[in-house]
Amino acid sequence: MKHTINLLEFPKIDELVHQAGIQDSQEHIIWTKLSRTETASALAELSLFCRASVNSSISGRKRAKYALHHYKMTVGKEIHPFVATQALEDLGLTKQRMNELVNLQLAQLSTENNEICIEINFSF
């Protein structure tokens, strides 16, 4: 049984699949390694941490900062690079601008002046 998606709904992914010449083997592409439950859980947690990041609580902001890094290093690596590129396209962002925004958010979440800033670079 084929498990394919309609690439016409995702023009950037469709473009990348055709550039790579893998349109005939799309059913073998692993778009995400997360289950539906893991994805829902991660999104719920991210939502809570986003709320914590704008809170006046220093401990909440600090936890949000490390959560952002955690999700980038774990969940972010579980999706196919074509999917990440499509997401950036949908948001109207370049990889460079996304890096700038994430690092700006991390800087805003800093709770101490001498705290080491974790720089995240999207490498998809």
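Moving on, we come to the overall build of the protein chain. Looking only at helices and strands, one finds 5 helices and 0 strands in the protein chain. Walking the protein chain from its N terminus toward its C terminus, one meets helices and strands in the order α-α-α-α-α. Taking contacts inside the protein chain between residues at least 6 apart in sequence as the whole, the part at least 24 apart equals 64%. Total accessible area on the protein chain is roughly 8600 Å²; 56% of this is exposed by carbon and sulfur atoms.

With that out of the way, let us pick up the pattern of salt bridges. Scanning the entire structure with this criterion turns up 2 salt bridges. Two residues, Glu100 and Arg97, come together in a salt bridge whose shortest N-O distance is 3.1 Å. Remark: Arg97 and Glu100 occur in helix H5 (residues 95-109); sequence separation between them is 3 residues, near one turn of the helix.

Okay, the side chain of Asp14 next. Within the secondary structure, Asp14 is located in helix H1 (residues 11-20). No salt bridge is formed by the buried Asp14. Its closest oppositely charged neighbour is Lys12, at 11 Å. Other than its neighbours up to four places away in sequence, Asp14 contacts Leu7 and Leu8.

Cut-off values and rules
Residues numbered from 1 in each chain as written. Predicted model: local features only at pLDDT ≥ 70, side-chain atom pairs only at ≥ 80, totals over all residues. Heavy atoms only, no water. Helix = DSSP H or I, 4+ residues; strand = E, 2+ residues; numbered from the N terminus. Contact = heavy atoms within 4.5 Å. Areas by Shrake-Rupley, 256 points an atom, 1.4 Å probe, with all protein chains shown as cover. Salt bridge = Lys/Arg side-chain N within 4 Å of Asp/Glu carboxyl O. Buried < 20%, exposed > 50% of the residue type's maximum accessible area, 1.4 Å probe, protein only. Lys, Arg positive; Asp, Glu negative; His and termini not counted.

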